[in-house]
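The lines below spell out each chain.
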Amino acid sequence: MVKPSKLFLIITILLAVLAAFSILMPRGGIRIGSLTLRYPTAVQLLGFDSASHKSSFQLHPELALLESFLDSITRETSIDTTFIWQDVDIFELADTVSNDHSDTLKGASTAASTSITVDILKSRLVPIQYPDSTLDALGTFFNALASGKTKNHQVRVMHYGDSQIEGDRITSFLRLRLQSRFGGSGVGLLHAVPHSYQPGAVYQSTSSNWRQVLLADLGRGGVEHRFGLLGGYSEFTKGRRNTKGGFNEAWIKFERRGRHTSSPRNFTKCKVFYGQAAEPFMVSVSYGGNTQDGEMFAPAKGMKQVEWSIPRSENYFQIEFKGDESPHIYGISLESPTGVIVDNIAIRGSSGTDFTRADEYSLKTAFQQVNPKLIILQFGVNVVPHIVESYSYYENQMYQQIRAIKRALPNASVLLIGVSDMAMRDGGQYVSYPNVEKIRDAQRDAAFRAGAAFWDCFEAMGGRNSMPAWAFATPALASKDFVHFTLRGSNLIAEMFYSALMESFREYELKNINN
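All values reported here derive from a predicted model rather than from experimental measurement.

(A) A look at the overall build of the protein. The helix and strand tally for the protein stands at 15 helices and 20 strands. Taking all 515 residues of the protein together, the buried fraction comes to 52%. Of the contacts formed within the protein by residues at least 6 apart in sequence, a portion of 77% connects residues at least 24 apart. With an accessible surface of roughly 23200 Å², the protein has 52% of that area assigned to carbon and sulfur atoms.

This is the structure:
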């Protein structure tokens, strides 16, 4: 048995050797061929630098003011962080605060009223970029918003993204802003089988016999390239029968949640998109304890839809399916017949290159069912960990995605939101991945080649090494994975994007007036 004194001596010698390595090892490491050997300093080993490292990252002063302004208005007007205020944009809010013209903002903090100015807010505006000197890339969308057209027509925005928008993050705040200004209600498209993170305005539950097929299943065999609008579909299995020898049955329940005045929960229409029905099947909707409507549908190959009206007073309703074979359920939309509808379509793990994997005809048919005026693409965080010298391959891939969308929807506007900053630990310091700007540039070049608009999320965050500042902010604006925004950070990004979008819309209206 080793004596305690000898064990102590061994540990002391080992610590001395480790300390010697820490002192003698060059900060940049030792390069051997293509490899670089690094060794942490004693301070890094013991973790003494964590506090000083955290304090070394600060939000851009103007961005911090914008964040505190949003927080002040939210707090003083008793508005949840997931909800937004009246039908004004942030620049109009700043004018209102300083001039005290709005009951909605009455009581907002004196600090916000005196320190936040329109100039400060506009200094953080990262504008929408266009492939030419015109605003034509977003012309279809802006024209649909102009002159009060949304009072009589529906304008759909489809927000596709990776895990950065999962759980309705970014989309939910953008939806509230657009619906507050242009009308509309509902959360838009949902999978029949809910994901782990559901939108705050609706809670969804299902019977146990649903199966979901996603884009990730393509390589597993037996899966067709028809994924509808959401990158997947659902179908009920043969596990439940209402009687012996009877039909298979399945159900989906919805519950409205959140404030009664919140537009996302106040939808009045429910649409079910289905297709690839080999056998007849029945669908019914019930609320108030009674079945309100039911219909038998014939076999169908292409995508079709069924629609019901849902009274706002009904907080619970259920959709029931019966049949020998399940059709593909491509999605369920909770919406209003007029105003703006904004869909959150998160595809976890995607780099944004999935549109060309779908059958082109089915993609076109699916898009035409909902006729979106604007499609937003927000991808890139899954590309960042793969560091290469050139991202021309990714530029070409994204160009092909936008072209595929435009072939399906020749008149729709397309806008690509660039990759957000991402950080990694390097020598005890959190720094941006070295390739983030290359990926951002590849995305912008792809957008411009394809005639789409572009918004620079990386620049809006503050540029290089901004992600650590967001993660170490109090309260945090990004999670400690240094990839994803918190809900608070998502709202801030959404507000900056919305402000840039509305600034472009103002320019569009002014040009049309002058012409």
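(B) Representation of the packing of aromatic side chains in the model. Counted under the stated rule, the structure contains 21 aromatic pairs. Where Trp210 meets Phe321, the ring centres are 5.4 Å apart and the plane angle is 85 degrees; that geometry is what we call edge-to-face. Here Trp210 is found in strand 6 (residues 210-214), whereas its partner Phe321 is found in strand 13 (residues 316-323), with 111 residues between them in sequence. For Trp210, a relative accessible area of 11% corresponds to the buried category. On the numbers, 5.5 Å between centres and 55 degrees between planes, the contact of Tyr274 with Phe297 is tilted. Here Tyr274, found in strand 9 (residues 269-275), pairs with Phe297, found in strand 11 (residues 290-297); they are 23 residues apart in sequence, far enough to count as distant. The residues Tyr274 and Phe297 share a single accessibility class, namely buried. Here the aromatic residues Phe141, Phe142, Phe182, Phe505 and Tyr508 are joined through ring pairs into a cluster of three or more. Directly above the ring of Trp251 sits Lys253, whose terminal nitrogen or CZ lies 4.6 Å from the centroid. When the ring centre of Phe267 is taken as reference, the NZ or CZ atom of Arg256 above it lies at 4.1 Å.

(C) Expanded view of the environment of Gly331. Examined against the element boundaries, Gly331 turns out to sit in strand 14 (residues 328-335). Residue classification places Gly331 among the buried positions, given a relative accessible area of 0%. In sequence terms Gly331 and Leu190 are 141 residues apart; their C-alpha atoms lie 5.5 Å from each other. For Gly331, the contacting residues outside a window of four places in its chain are Leu190, Leu230, Lys271, Val272 and Phe273.

(D) Inspection of the pairing of strand 13 at higher detail. Two strands pair when backbone bridges link them, and strand 8 (residues 248-256) and strand 13 are joined in this way by 8 bridges, in the antiparallel orientation. Across the sheet, residue Glu255 finds its bridge partner in strand 13, namely Tyr316. Alignment of strand 10 (residues 281-287) against strand 13, held across 6 bridges, turns out to be antiparallel. Across the sheet, residue Phe281 finds its bridge partner in strand 13, namely Gly323.

(E) A look at the nonpolar core. In terms of nonpolar packing, the biggest core is built from 54 residues, with Ile128, Leu138, Leu415, Trp455, Trp470, Ile493 and Phe497 touching the most fellow members. The element contributing the most residues to this core is helix 15 (residues 487-514), with 11 residues. Once you skip the residues sitting within four places of it in the chain, Leu415 turns out to touch Ile128, Leu138, Leu374, Ile375, Ile376, Leu377, Ala453, Phe454, Trp455, Phe497 and Leu501. If you look at the next biggest cluster of nonpolar residues, it comprises 49 residues, including Ala366, Phe367, Met398 and Ala447.

(F) Seen up close, the sheet that holds strand 3 (residues 154-161). Strand order in the open sheet made by the 5 strands is 15-3-16-17-20, with parallel pairing throughout. Looking at the sheet topology across the chains shown, the edges are occupied by strand 15 (339-346) and strand 20 (453-455). Geometrically, the sheet is characterised by an average inter-axis angle of 20 degrees between neighbouring strands, direction not taken into account. One ladder, built from 5 bridges, connects strand 16 (residues 374-378) with strand 17 (residues 413-417); its direction is parallel. Pairing of Leu374 across the sheet is with Ser413, part of strand 17. Its contacts with the sheet put helix 15 on strand 16, strand 17 and strand 20, and the angle it makes with strand 20 is roughly 140 degrees.

Rules used in this analysis
- Residues numbered from 1 in each chain as written.
- Predicted model: local features only at pLDDT ≥ 70, side-chain atom pairs only at ≥ 80, totals over all residues.
- Heavy atoms only, no water.
- Helix = DSSP H or I, 4+ residues; strand = E, 2+ residues; numbered from the N terminus.
- Buried < 20%, exposed > 50% of the residue type's maximum accessible area, 1.4 Å probe, protein only.
- Contact = heavy atoms within 4.5 Å.
- Areas by Shrake-Rupley, 256 points an atom, 1.4 Å probe, with all protein chains shown as cover.
- Phe/Tyr/Trp six-rings, centres within 6.5 Å; stacked < 30°, edge-to-face > 60°.
- Lys NZ or Arg CZ within 6 Å of the ring centre and 35° of its normal.
- Pairing = 2+ DSSP bridges.
- Core = buried A, V, L, I, M, F, W, Y, C linked by side-chain atoms within 4.5 Å.
- Axes fitted to C-alpha atoms, helices over the stretch in contact; angles between N-to-C directions.

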